[in-house]
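# Structure at a glance
Listed below, chain by chain, are the residues.
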Amino acid sequence: MPQRPFQSSQPSPEFTEVTPLGHDAQSLADDLRRHFNWTLGRDRHCRSVYYTYTALAYTVRDRLMARWRDTRQAYEEADCRRAYYLSLEFLMGRTLNNALLNLGLDQPMQTALQQLGLQLEELLDAEHDAGLGNGGLGRLAACFLDSCATLQLPVMGYGIRYEYGMFRQRLRKGYQVEEPDHWLRDGNPWELERPEHTIRVQFGGRCEHTHDDHGRHRVRWIDTHDVLAVPYDTPIPGYRNGTVNTLRLWKAAATDEFKLDEFHAGAYPESVAAKNAAENITMVLYPNDASENGKELRLRQQYFLASATLQDILRRWLARPHRKLSNFAEKNCFQLNDTHPTIAVAELMRLLMDEHDMQWDEAWAIVTQSMAYTNHTLLPEALERWPVRLFANLLPRHLEIIYEINGRFLADIAQRWPDDAARLQRMSLIEDGPDPQIRMAYLALVACHKVNGVAALHSRLIQQHLFADFYALWPEKFTNKTNGVTQRRWLAACNPKLTTLIGQHIGEDFITQLDRLRDLRGLADDPAFQRQWHEIKFANKQALAARVASECGVQFDPQALFDIQVKRIHEYKRQLLNVLHIIHRYDRLLRGDDQGLVNRCILIGGKAAPGYVRAKEIIKLINNVAAHINGDTRIGERLRVVFFPDFRVTAMELICPAADLSEQISTAGKEASGTGNMKFMLNGALTIGTLDGANIEMREQVGEENFFTFGLTAEEVLKRRKHYDPNTIIAEDDDLKRVMGMLESGDFNAQEPGIFDPIIHAIRDPHDPWMTAADFRSYIDTQMRVDQCYQDQAQWTRMSILNTAASGRFSSDRTISDYNQEIWKLEPIKA
Ligand code: KVW
């Protein structure tokens, strides 16, 4: 129990009886004034827009509170089954505009602000992004929360309240420079600290095996170094439905007792240092997307989240007298967002057995019935493994439990496949070697009753390759849940003009039933509708052009084709292929071979993991190529290229409504799903893409004639690998030969000779895993079809409309109802 006396006060009924707050412009304006002057204590000398933003946030937050309470009480009273989404990342971005939209306060607030002479846009812009994630996986978790609340499902998110989120990216001479993102510095009006629900989490120590009075085997985990987990809750409003769910993020805090010990030992400074060590656990988000890092602090973060969360849920479950642990799994389930929180498997076993007296079989039944695992990647370098020796030091009890799980599992395998030692070794949770490793994905597969991939192709490849042995054993566990994105943020909030136009023609139901966008198909050939559609895209392009001008100092002409690739910088995503096309285009323009080329503005953005040298070289290459082309007066408006710095959720809200062409060009079989692809499609961009991840399903929905497909298929990639010969491909393709020649000439790096040699070698390497050269020809040819198509603006706009119309399947509302129907099985609860 925490040391502070939180339990001593029970508020009286009169104390908690409150009158509802007005939702009209006048009430909003009054509250804004009240918060600015009284809550924040500012006056007319206040110069910082941040205080006005905060007053606005408090005004909106107040209006979430009653719904939040009512939702909590509705779930409690219904005694309903619940789901918990465990994730090391929730990439929420900004909250204010989304809350205004979901509460239906956008219109009255506009009126209120007008009265007060304030600009909503400027206030929204004062909010920091909550960048508690790297990319798709973290943003998916955020979209899921929005959909769960909108579908009125009793789902809670559990994660970590990182003091520092995803680093801010700056560019110096074209190189990425990372700056810490101290997003909480000015306070966070959206979170509510709940110290009364603090939890103690253990680390280190040793296990003591004894027998109790009944002769039963008991384990005590003792001599541990403990850390407190303090929860911070953020409200998650559904779309205009009265529901407000909860995202609970844990912050690490030192326990108080160590101070006394150390103080008596005369080591005060050391005791303060120990406090630091405890609080370091939640200090910073690891900035690696889809790559392993194997650092002890990362394992500490994972266990800290898993343990605090499970203890919190068990405590809440047992707080009511009629509940028993034996029916815990009937009413509670966990979704593991990749293997990152998978230590929860061993932790739930430990809690049930060591803390709640349960026997192995009964505890194991609860674990397997309540847990489900989502896999997000096939890349071997991203599959988490932890050294056994690390576990022995940090989580000795969990190591024992994992060994026991493995022993029982392998015994089953040996029975089913006798004399198959190779299979036992392949499937073991422990990878043998000089430094044995725990395979976290296998732990998840053994312990979970469901496992899913995130797009149809990805789920199939999991079954056929990555987890084939496990699929042979338990085919019924495997399922697909194609990713989705929330149309509240990714259409209604970020593209209000298009939302209004769509609403005028087909009604506003698409905001909660995205399939309704199908009704736009009948308008695709309507010239008047096309004109309005085009005008909105044009206005969105103007807005992006203004930002590009101010951020990058480059002029984008909104008449030109806006060609965009924004995502993490990773070799498999092949930003390099994009660069090869850019150089090829430049080459053609220089040679006067410009027939059929439309003016293009190409924007690339994304962060590289700070330790990923090659990805950082690619950023440098993009910047140098951009500077070279933009500075070449012969090229003018024909081709403009920028690297957009610090790509993040808020940047995407400006970028995706302005895109004509979305680049989704990963090596087939490598991108599990992609979700940026869906945001672009929803906003009427056409896609140029490989048959990878969710691209395949997008193309299926919109029809191949409205999708620019190119490149090898996943199967062809596998076959070609054996005799891949990029140097012959280059020698036999005049265009690619010239492009490589230009790269090798050093014209793009005259000041820094040789810096791109590693990239050039990688393209020419027969073992290039990403096979960039193999797809060059078909990519270039397809890009030429794009130009041709863009020349007929009516035709392009028609295809743009058809893309939006076909994007209904890619709502995270659909994804979540799939999860719910097959895995969670929750009843919606009206708040
Ligand atoms: C570690 C990831 C952060 C830390 C993935 S796969 C692995 C990770 C690993 C992130 N992220 C991405 O997940 C997205 C959501 O499912 C997919 O759309 C995307 O294809 C995948 O790369």
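The structure we're discussing is the one just above.
Residues numbered from 1 in each chain as written. Predicted model: local features only at pLDDT ≥ 70, side-chain atom pairs only at ≥ 80, totals over all residues. Heavy atoms only, no water.

The next subject is unusual backbone geometry. Even without being glycine, D357 reaches a positive phi, approximately 65°. With respect to the element layout, D357 can be found in the loop between α12 (344–355) and α13 (360–370). Of note, the phi angle at D419 is positive, near 55°, even though the residue is not glycine. Relative to the helices and strands, D419 is located in the loop between α15 (396–416) and α16 (421–427). (Helix = DSSP H or I, 4+ residues; strand = E, 2+ residues; numbered from the N terminus.)

The next thing to look at is the site of the ligand. In the vicinity of the ligand, 18 residues are found, and the nearest of them are H376, N483, E671, S673 and G674. Between the ligand and the protein, one listed contact pairs an oxygen atom with a side-chain N or O atom of H376 at 2.6 Å. In the complex, 96% of the free accessible area of the ligand, which totals 490 Å², lies under the protein chains. Taken together, the residues that form the shell around the ligand break down as 6 nonpolar, 9 polar and 3 charged. (Near = heavy atom within 4 Å. Polar contact = N/O pair within 3.5 Å; in protein donor to acceptor, adjacent residues only side chain to side chain. Areas by Shrake-Rupley, 256 points an atom, 1.4 Å probe, with all protein chains shown as cover. Nonpolar A, V, L, I, M, F, W, Y, C, P; charged D, E, K, R; others polar.)

With parallel pairing, the 6 strands of this open sheet are ordered in space as β22-β21-β20-β23-β24-β25. The outermost strands of the open sheet, each flanked by one partner alone, are β22 (639–644) and β25 (708–709). In terms of strand pairing, strand β23 (residues 661–664) meets strand β24 (residues 686–689) through 4 bridges, oriented parallel. If you follow L661 over to β24, its bridge partner there is L686. (Pairing = 2+ DSSP bridges.)

When you line up the elements, S147 lands in helix α7 (residues 136–150). By relative accessible area, S147 is classed as buried at 0%. Taking the C-alpha atoms as reference points, S147 and Q487, separated by 340 residues in sequence, lie 9.3 Å from one another. If sequence neighbours within four positions are ignored, S147 has contacts with R488, S812, D813 and I816. (Buried < 20%, exposed > 50% of the residue type's maximum accessible area, 1.4 Å probe, protein only. Contact = heavy atoms within 4.5 Å.)

With that settled, consider the state of the cysteines. What the rule picks out here adds up to 0 disulfides. Cysteine C333 is unpaired, with the sulfur of C148 as its nearest cysteine sulfur at 10 Å. Lacking any disulfide linkage, C789 is separated from the closest cysteine sulfur, that of C601, by 18 Å. (Disulfide = S-S within 2.5 Å.)

What follows deals with the nonpolar core. Counting residues in hydrophobic clusters, the biggest one holds 164 residues, and the most contacted among them are F470 and W824. Of all the elements, helix α10 (residues 296–318) adds the most residues to this core, at 10 residues. Among all residues touching W824, those that are not within four sequence positions of it are R81, A83, Y85, C148, V155, C333, Q335, I816 and Y819. Counting 59 residues, the second-largest nonpolar core is a separate cluster that includes F510, W533, M678 and I801. (Core = buried A, V, L, I, M, F, W, Y, C linked by side-chain atoms within 4.5 Å.)

The next subject is the pattern of salt bridges. Inspection of the entire model under this criterion finds 78 salt bridges. Of the charged contacts in the structure, one is a salt bridge between R764 and E744, with a shortest N-O distance of 2.8 Å. Linking R764 in helix α31 (residues 757–764) with E744 in helix α30 (residues 734–745), this pair joins segments that are 20 residues apart in sequence. On the basis of relative accessibility, which here comes to 24%, the residue R764 falls in the partly exposed class. Given the relative accessible area of 39%, E744 is considered partly exposed. Overlapping salt bridges bring together D587, R588, R591, D593, D733, D735, R738, R777 and D781 as one network. (Salt bridge = Lys/Arg side-chain N within 4 Å of Asp/Glu carboxyl O.)

Right, let's get into empty space enclosed by the protein. All chains considered together, the criterion is met by 5 cavities of 30 Å³ or more. Quantified by volume, the largest cavity comes out at close to 200 Å³. Forming the boundary of the largest cavity are 20 residues, of which T95, A130, W183, N188 and W190 lie nearest the centre. Within the residue set of the lining of the largest cavity, elements represented by two or more residues are α3 (49–78), β2 (90–93), β3 (130–132), β11 (225–237) and β12 (244–254). Among the residues forming the lining of the largest cavity, the class breakdown is 11 nonpolar, 6 polar and 3 charged. When its volume is computed, the second largest cavity comes out at roughly 150 Å³. Along the wall of the second largest cavity there are 14 residues; nearest its centre are M92, N98, I236, P237 and R489. (1 Å grid on protein atoms, 1.4 Å probe; cavity = no way out; pocket = protein on both sides within 12 Å on 5 of 7 lines; lining within 4 Å. Points joined across faces, edges and corners; volume = space filled by probe spheres on them.)

A few words now on the environment of T54. Structurally, T54 can be placed in helix α3. Spatially, the C-alpha atoms of T54 and L123 are 8.8 Å apart, while their sequence positions differ by 69 residues. Setting aside residues up to four positions removed in sequence, T54 forms contacts with L40 and P189. Within polar-contact distance, the side chain of T54 engages the backbone oxygen of Y50 at 2.8 Å.

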